[in-house]
Amino acid sequence: MNIELLPWQQEVMGDPSRFKVVVAGRRCGKSHMAAVSIIHSALAKTKGVTMYVAPTQSMAREIMFSKLAEIAHPMGLIEGSNINNLEMTLVGNRKIYLKGADRPDTMRGLSVNHLVMDEFAFFKSDVYETILRPTLSDLRGSALFIGTPAGRNQFFEIYCGAVSGDWPDYNGWTFTTYDNPLVDKAEIEHAKKTLPDWAFNQEYRASFDAKGSEFFKASDFPTYTESDRPKAPCQTFIAVDLAGFNEVGKSKAKTSRLDNTALAIVKVGEYGWWVKDIIHGRWDLNETAIKIFNAVRDYQPISVGIEKGIAKQAVISPLMDLMRQYNRYFRVEELTHGNKSKTDRVMWALQGRFEHGTITLNKGEWNATFLDELFQFPNQLVHDDLIDSLAYIDQLANIAYTSDYIEEEYELLDAYAGY
Ligand SMILES: Nc1ncnc2c1ncn2[C@@H]1O[C@H](COP(=O)(O)OP(=O)(O)OP(=O)(O)O)[C@@H](O)[C@H]1O
Ligand SMILES: [Mg+2]
């Protein structure tokens, strides 16, 4: 088969992975790529059928039927076609079916050698797992997920998995409209001027950052350097939001995400909160204990809190070992959800403070991750470990202010830690 491909299309076609996830901007050449991929597999694979699925059946007809004909006809590859059934037969009796994800029942019971899902962001979220994935099992068929993002839905999940390196047989790519040299640059520039930023980034730059959430607004998030920190008296707190540990390093189920552990280090004073750092990462138990131990050594907080639960119980033991080993002891407060939902807890702790400008951020690499979480909140598919750890500062600082804890705690720390 001799078809001219754009460089990005060549790269994807040439990759040997069984599952390919392509996130691409508008007019990038996605559907063209899909058509080529279908014709290629239909000709190459002797068993089963090759299937193209669009979000709806009418989209499948409109996008793909003529596109397939356009490419395959001049090469004399078409043996027959039926637009009513949305079927095409290529030479050698190779069948291509075009389907809509809105009619999942028409896809049951097929043995599919290659599956292309176009505009996958607009599929109903469970159609792939429940209906489409099983059609690939017989023949160990391959799949191409392709589309422009539409916020952080199932497409985002599968893309994250594909590029994480944790999923064998998967590979993922992002391409922007700029990667299609056939699209007039002036047209892209026009879109850039007229569309809201988030829409341009989504549609042309293939960004998963959809319109910000209603909860936190993109305005009013100043960041401050160390020297801008208010000179007023303050006390340092460290709050820790722990990830579950059993999953680290293991390959995970397709739709699960690994949480980060996050340590918020905050100086609290009359002026409000100054967030020195939020240290975060995916660590095992020992690494986590070391991070906490080192943070306490470096910042000498008056109080350290860890979210109550199994993970806390697990981390306490290596943490105690470190305390003994270095002869530096500190007390760990237990942080609780109370009886509030996470959303409520975070909103209560952070929203007003942000609105009134009483939280300021130290400039650092973590800012971008933090703000991203904040603007997506409370999207269930997006991590919120950093904001969760910061929200816990509220509880920790309240313990300190509302009781006579400060003095006591300070002495306790000093006496044991010998700082
Ligand atoms: N390899 C190619 N050779 C020639 N033309 C191509 C190639 N790939 C894409 N094009 C052209 O680029 C334009 C956009 O392609 P296509 O419709 O496949 O993009 P798309 O990403 O699916 O767009 P949309 O976001 O509108 O669905 C079309 O005019 C198509 O013919
Ligand atoms: Mg298209």
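Coordinates for the structure precede this section.
Read on for a plain summary of the structure. (Residues numbered from 1 in each chain as written. Chains lettered and ligands numbered in written order. Predicted model: local features only at pLDDT ≥ 70, side-chain atom pairs only at ≥ 80, totals over all residues.)

Quick word on the overall build of the chain
Consideration 1: Assigned secondary structure in the chain consists of 13 helices and 15 strands.
Consideration 2: Every one of the 419 residues in the chain was classed for burial, and the buried ones make up 38%.
Consideration 3: In the chain, once contacts between residues fewer than 6 apart in sequence are set aside, the share between residues at least 24 apart is 75%. (Helix = DSSP H or I, 4+ residues; strand = E, 2+ residues; numbered from the N terminus. Buried ≥ 20, exposed ≤ 12 C-beta atoms within 10 Å, placed from the backbone. Contact = placed C-beta atoms within 7 Å.)

Overview of the nonpolar core
Consideration 1: Among the nonpolar cores identified, the biggest contains 57 residues, and Y52 and I146 are the most heavily contacted of them.
Consideration 2: If one sorts the elements of this core by residue count, helix 2 (residues 30–44) sits on top with seven residues.
Consideration 3: Excluding anything up to four places from it in sequence, Y52 contacts A34, I38, A60, M64, I96, L98, V116 and D118. (Core = buried A, V, L, I, M, F, W, Y, C linked by C-beta atoms within 7 Å.)

With respect to the pairing of strand 3 (residues 78–82)
Consideration 1: In terms of strand pairing, strand 3 meets strand 4 (residues 87–90) through four bridges, oriented antiparallel. Residue pairing across strands places I78 opposite L90, the latter belonging to strand 4.
Consideration 2: Turn length for the strand 3-strand 4 hairpin, with the two strands adjacent in sequence and antiparallel, is four residues, and the turn residue L86 shows positive phi of about 55 degrees. (Pairing = 2+ DSSP bridges.)

Notes on the site of ligand 1
Consideration 1: In the vicinity of ligand 1, 15 residues are found, and the nearest of them are R26, G29, K30, S31 and H32.
Consideration 2: Sorting elements by how many residues they give to the shell around ligand 1 places helix 2 first, with three residues.
Consideration 3: When its residues are assigned to classes, the shell around ligand 1 shows five nonpolar, six polar and four charged. (Near = placed C-beta within 6 Å. Nonpolar A, V, L, I, M, F, W, Y, C, P; charged D, E, K, R; others polar.)

With respect to the pairing of strand 12 (residues 272–281)
Within a regular beta strand, the side chains point alternately toward one face of the sheet and then the other, so they alternate between its two faces.
Consideration 1: The buried fraction of strand 12 is high, at seven of ten residues.
Consideration 2: As paired strands, strand 11 (residues 261–269) and strand 12 are joined by nine bridges and run antiparallel to one another. Bridge pairing in strand 12 places A264 opposite I278.
Consideration 3: Counting the residues that bridge the hairpin from strand 11 to strand 12 gives two residues.
Consideration 4: The pairing of strand 12 with strand 15 (residues 359–362) spans three bridges and is classified as parallel. Within strand 15, the position partnered with W273 by the bridge is I359.

A few points about the sheet that holds strand 1 (residues 19–24)
Consideration 1: In space, the eight strands of this open sheet follow the order 3-4-5-2-6-7-1-8, with mixed pairing throughout. In the strand order of this sheet, the two ends are held by strand 3 and strand 8 (170–175), each with one partner. Recorded for the sheet is a direction-independent mean angle of 15 degrees between the axes of neighbouring strands.
Consideration 2: Examined bridge by bridge, strand 4 and strand 5 (residues 94–100) share four bridges and lie antiparallel to one another. Paired with T89 across the two strands is K95, which belongs to strand 5.
Consideration 3: Sheet strands touched by helix 2: strand 1, strand 2 (49–54), strand 4, strand 5, strand 6 (112–118) and strand 7 (142–147). Its angle to strand 6, the strand with the most contacts, is close to 175 degrees.
Consideration 4: Contacts from helix 3 (residues 57–72) reach strand 2, strand 3, strand 4, strand 5 and strand 6 within the one sheet, and its direction differs from that of strand 5 by about 150 degrees. (Axes fitted to C-alpha atoms, helices over the stretch in contact; angles between N-to-C directions.)

Re the environment of D388
Consideration 1: In this structure, D388 sits in helix 12 (residues 385–402).
Consideration 2: The exposure class assigned to D388 is buried, which follows from the 23 C-beta atoms found within 10 Å.
Consideration 3: Residues contacting D388, with those up to four places away along its chain left out, are D241, A262, K342 and V346.

A short note on the packing of helix 1 (residues 7–14) against helix 2
Consideration 1: In contact at an axis separation of 11 Å, helix 1 and helix 2 are set at 35 degrees when each is read in the N-to-C sense. Considering the relative orientation of helix 1 and helix 2, their crossing is right-handed. Here helix 1 contributes Q9, V12 and M13 to the contact with helix 2, which in turn contributes M33, V36 and S37.
Consideration 2: Tallied by class, residues from the contact of helix 1 with helix 2 come to four nonpolar, two polar and no charged. (Left-handed = near helix turned anticlockwise from the far one by under 90°.)

Let's talk about helix 10 (residues 342–355)
Turn by turn, an α-helix covers 3.6 residues, leaving residues three or four places apart pointing in a common direction.
Consideration 1: Under the 1.5 Å per step criterion, the end-to-end length of helix 10 is 19 Å for 14 residues, consistent within 8% with the ideal 20 Å.
Consideration 2: Burial in helix 10 covers these residues: V346, A349 and L350.
Consideration 3: Of the residues trailing helix 10, G357 is marked for its positive phi of about 70 degrees. (Expected span 1.5 Å × (residues − 1).)

Quick word on the environment of N379
Consideration 1: Position of N379 relative to the elements: it lies in the loop between helix 11 (366–376) and helix 12.
Consideration 2: Take N379: there are 17 C-beta atoms within 10 Å of it, and that puts it in the partly exposed class.
Consideration 3: Distance from N379 to G151, taken between C-alpha atoms, is 9.7 Å for residues 228 residues apart in sequence.

Focus on the packing of helix 2 against helix 3
Consideration 1: Following both chains from N to C, one finds helix 2 and helix 3 inclined at 60 degrees, their axes separated by 10 Å at the closest point. With respect to each other, helix 2 and helix 3 are oriented oblique. Here the hand of the crossing between helix 2 and helix 3 comes out right-handed. Judged by residue contacts, S31, H32, A35, V36, I38 and I39 of helix 2 engage I63, M64, K67, L68, I71 and A72 from helix 3.
Consideration 2: Considered class by class, the residues forming the contact of helix 2 with helix 3 number nine nonpolar, two polar and one charged. (Parallel < 35°, antiparallel > 145°, perpendicular 65-115°, else oblique.)

So, unusual backbone geometry
Consideration 1: Non-glycine residue D169 carries a positive phi angle of around 75 degrees.
Consideration 2: Looking at the element boundaries, D169 is found in the loop between helix 5 (154–164) and strand 8.
Consideration 3: Of note in this structure, N327 is not a glycine but carries a positive phi near 55 degrees.
Consideration 4: On the secondary structure map, N327 appears in the loop between helix 9 (310–326) and strand 14 (332–335).

No statement about biological role is implied by the geometric values presented.
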